[in-house]
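Residues per chain are reported as follows:
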Amino acid sequence: MTDVRVTPQRWLWQPRTKPIRLIEIHATRGNTTPEKQKQAALNWVQSPRNVGNLDGARNIDYANPEWGSSFSHVIGTDGSMGTVLDDNQMPTYSAGYGGVGSTYAIDEYAISYELAQSQAQEPFSDKLYDRLTTEVAIDCLKYGIPPVMISIMSQKGDVPTGIVRHDRCENGIKLGKTDPGVQFNEVRFIAMLKANMEDDMTPQEVRNIVRAMKFHSEDREGNQQESVTTISKWFGVLKEHQKDVDKHSAGEAHDHEIPAGRTGEA
Ligand SMILES: [Zn+2]
């Protein structure tokens, strides 16, 4: 299958007004084979039945559709991608507000990815991990988002930065969501994501990420070690880049190889 772009129902997005600081991860789940999940999700965002609110008689209220369920991208089992929204369009909703006192919706700050999966116990495909980590690496470099998994148990106050699962944010917990669930391999995902980011990171992109990681480690105690490890490694990457530039101006060969050193960061 090839990549596709679809136009969702108009009530399934709003212009984005907040900075992108998060990536949110979901799994589609549904009553078809895994191979059909991508198309099923794309059909749903184009469906006139994807409406959040009902009228007094419990019928779809087309006079006031307001919102339904949407997302930015869906990755298929074959590694193809379906795009519903551009980065400047906010899904309404993929992961919304938390409970009482919540001050923000995850969607306001996040690009939302759905991963093709029929049911919770089914492993995600290798091609899906490949494509997901390629796309999220581009997002992380573009918006200075650090490649770390975070939990957002309270959606109020300062908005953290990183990658959040639907089942690890206040909205998902409130709604009893279990996606992406036990089969989502975070260690593999983060290792592949970092490798993709390092492949062609510019010095400015390294600086942006290191800055975000610094705030991240100050904000969220639980992830401090991971963040500090990554920061110090990337300061190393930055130094290597500088050496490269120096060599280049001295007429020597160019060497972009990044030292492996990725073990022990699980
Ligand atoms: Zn979800």
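Just so you know, the residues in each chain are numbered from 1, in the order the chain's sequence is written. Predicted model: local features are reported for residues with pLDDT of at least 70 only, side-chain atom pairs are reported and counted for 80 or more only, and whole-chain, interface and lining totals are derived from all residues.

A. Inspection of the pairing of strand β9 (residues 162–169) at higher detail. With C-beta atoms placed from the backbone, the exposure class of a residue follows from how many other C-beta atoms lie within 10 Å of its own: 20 or more, buried; 12 or fewer, exposed; in between, partly exposed. Counting from the N terminus, the helices are DSSP H or I runs at least four residues long and the strands are E runs at least two residues long. Most of β9 sits out of view: 7 of its 8 residues are buried. Pairing between strand β3 (residues 22–27) and β9: 4 bridges, direction parallel. Within the sheet, the bridge partner assigned to Leu22 lies in β9 and is Gly162. Strand pairing requires that DSSP identify at least two bridges connecting the strands. As judged from the 3 bridges shared by strand β8 (residues 149–152) and β9, these two strands associate in the parallel manner. What sits directly across from Ile152, in β9, is Cys169.

B. Just the environment of Thr92, in detail. Relative to the assigned elements, Thr92 resides in the loop between β6 (89–91) and α2 (106–109). Along the backbone, Thr92 and Trp13 are 79 residues apart, and their C-alpha atoms lie at a distance of 5.0 Å. A residue pair is marked as a contact if its C-beta atoms, positioned from the backbone, fall within 7 Å. Contact partners of Thr92, with chain neighbours within four places excluded, come to Trp11, Leu12, Trp13, Gln14, Trp67, Ser70 and Asp107.

C. How the structure looks around the nonpolar core. Counting 53 residues, the largest nonpolar core has Ile23, Ile75, Ile106, Leu115, Leu128, Leu132 and Val164 as its most contacted members. With 7 residues, the top contributor of residues to this core is helix α3 (residues 126–143). Excluding its chain neighbours within four sequence positions, the residues that come into contact with Val164 are Leu22, Glu24, Ile106, Ile150, Ile152 and Cys169. Note on definitions: a nonpolar core is a set of buried residues drawn from Ala, Val, Leu, Ile, Met, Phe, Trp, Tyr and Cys, linked by C-beta atoms within 7 Å.

D. Examining the environment of Ala137 more closely. Among the structural elements, Ala137 can be located in helix α3. Looking at Ala137, the number of C-beta atoms within 10 Å reads 21, which means it is buried. When the C-alpha positions of Ala137 and Lys194 are compared, they lie 7.4 Å apart, and in sequence the two are 57 residues distant. Discounting residues that sit within four places of it in the chain, Ala137 has contacts with Leu193, Asn196 and Met197.

E. Seen up close, the sheet that holds β3. The 7 strands are arranged β1-β5-β4-β7-β3-β9-β8 in an open sheet whose pairing can be described as mixed. Because the sheet does not close on itself, it has two edges, and the strands there are β1 (4–5) and β8. Here 3 bridges tie strand β4 (residues 73–75) to strand β7 (residues 110–115), and the two strands are oriented parallel to one another. Directly across from Val74, in β7, lies its bridge partner Glu114.

F. Summary view of the pairing of β3. When you tally the buried positions in β3, you get 6 out of 6 residues, the bulk of the element. Of the two faces of β3, the one lined by Leu22, Glu24 and His26 and the one lined by Ile23, Ile25 and Ala27 are each fully buried. Two elements, β3 and β7, share 6 bridges in a ladder whose sense is parallel. Counted as the bridge partner of His26 is Glu114 from β7.

G. Representation of the packing of α3 against helix α5 (residues 186–199) in the model. Remark: α3 packs on α5, axes separated minimally by 8 Å, with the N-to-C direction vectors making an angle of 55°. By the angle class used here, α3 and α5 are oblique. For the element pair α3 and α5, the recorded crossing hand is right-handed. Counting all contacts with α3, which are made through Tyr129, Thr133, Thr134, Val136, Ala137, Cys140 and Leu141, the residues of α5 involved are Arg188, Phe189, Met192, Leu193, Asn196 and Met197. Only Asp, Glu, Lys and Arg are considered charged, only Ala, Val, Leu, Ile, Met, Phe, Trp, Tyr, Cys and Pro nonpolar, and every remaining residue, Gly among them, polar. Within the contact of α3 with α5, the residues separate by chemical class into 9 nonpolar, 3 polar and 1 charged. Fitting a line to C-alpha atoms yields each axis, with helices limited to the stretch in contact; the angle taken between N-to-C directions then spans 0 to 180 degrees. Should an angle lie under 35 degrees it is considered roughly parallel, over 145 roughly antiparallel, and from 65 to 115 roughly perpendicular; all remaining angles are considered oblique. If you view the pair so one helix is near and one far, a crossing is left-handed when the near helix is turned anticlockwise from the far one by less than a right angle, and right-handed when it is turned clockwise.

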